[in-house]
Amino acid sequence: YLAMADFQPLHGDGNAELPRAFRDALIDIRGRSPTLHGKLSGRYYEGTRYFSEHILHGRFADASAVEDSILPAFQTCVFEYAALLRRTTPDDSQEGRCHVGNLQAA
């Protein structure tokens, strides 16, 4: 079983730099999820470009990890990300939309 969770950068130049509030939330979740401290392999992922250095990543041989480790961390990520989005000021400019669209298209 492979599990990954990260907050996609909302701004920046595509180098996976997260705004401080998003980074701090992910660091907190990661601190409570020691089984998800794996490192990305450069073989499949451009870790420095699309993922933050605080990504939750783990490989598990046992299905019990889904309920014990993965699901609680994932639920916390979704809850925290939604809360952070509600507090983020949207950038509705054409330039902002194009920038985010380009990042997502990559």
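As a reminder, the structure under discussion sits directly above these lines.
All figures in this text were calculated on a predicted structure; none of them were measured in a lab.

How each quantity is defined
- Residues numbered from 1 in each chain as written.
- Predicted model: local features only at pLDDT ≥ 70, side-chain atom pairs only at ≥ 80, totals over all residues.
- Heavy atoms only, no water.
- Helix = DSSP H or I, 4+ residues; strand = E, 2+ residues; numbered from the N terminus.
- Buried < 20%, exposed > 50% of the residue type's maximum accessible area, 1.4 Å probe, protein only.
- Contact = heavy atoms within 4.5 Å.
- Areas by Shrake-Rupley, 256 points an atom, 1.4 Å probe, with all protein chains shown as cover.
- Core = buried A, V, L, I, M, F, W, Y, C linked by side-chain atoms within 4.5 Å.
- Salt bridge = Lys/Arg side-chain N within 4 Å of Asp/Glu carboxyl O.
- Expected span 1.5 Å × (residues − 1).

Structural notes on the overall build of the protein
Helices and strands together make up the secondary structure of the protein, namely four helices and two strands. Of the regular secondary structure in the protein, the N- to C-terminal order runs β-α-α-β-α-α. Relative to its 106 residues, the protein shows a buried fraction of 27%. Counted over contacts in the protein with a minimum sequence separation of 6, partners at least 24 positions apart contribute 70%. Accessible surface for the protein amounts to roughly 7100 Å². Of this, 53% is attributable to carbon and sulfur atoms.

A few points about the nonpolar core
Counting residues in each nonpolar core, the largest one holds 15 residues, and the members touching the most others are F7, L36, L56, F60 and C77. For this core, the secondary-structure elements that each account for two or more residues are strand 1 (2-5), helix 1 (20-31) and helix 3 (64-87). The greatest single-element share of this core, amounting to five residues, is contributed by helix 3.

Digging into the pattern of salt bridges
Applying the stated criterion across every chain yields a total of three salt bridges. Across the pair D24 and R20 runs a salt bridge, and its minimum N-O distance is 3.5 Å. Remark: R20 and D24 occur in helix 1; sequence separation between them is four residues, near one turn of the helix. The closest approach of N and O atoms between R23 and D24, which form a salt bridge, is 3.6 Å. A residue is classified by how much of its surface remains accessible, and D24, at 34% relative accessible area, is partly exposed. When salt bridges with common partners are traced through the structure, they connect R20, R23 and D24 into a single cluster.

Observations regarding helix 4 (residues 94-105)
Between its first and last C-alpha atoms helix 4 spans 16 Å; for twelve residues at 1.5 Å apiece the expected length is 16 Å, and the two agree. For helix 4, a buried count of one out of twelve residues is recorded, marking the element as mostly open to its surroundings.

It is worth stressing that arrangement in space is one thing and function is another; only the former is reported here.
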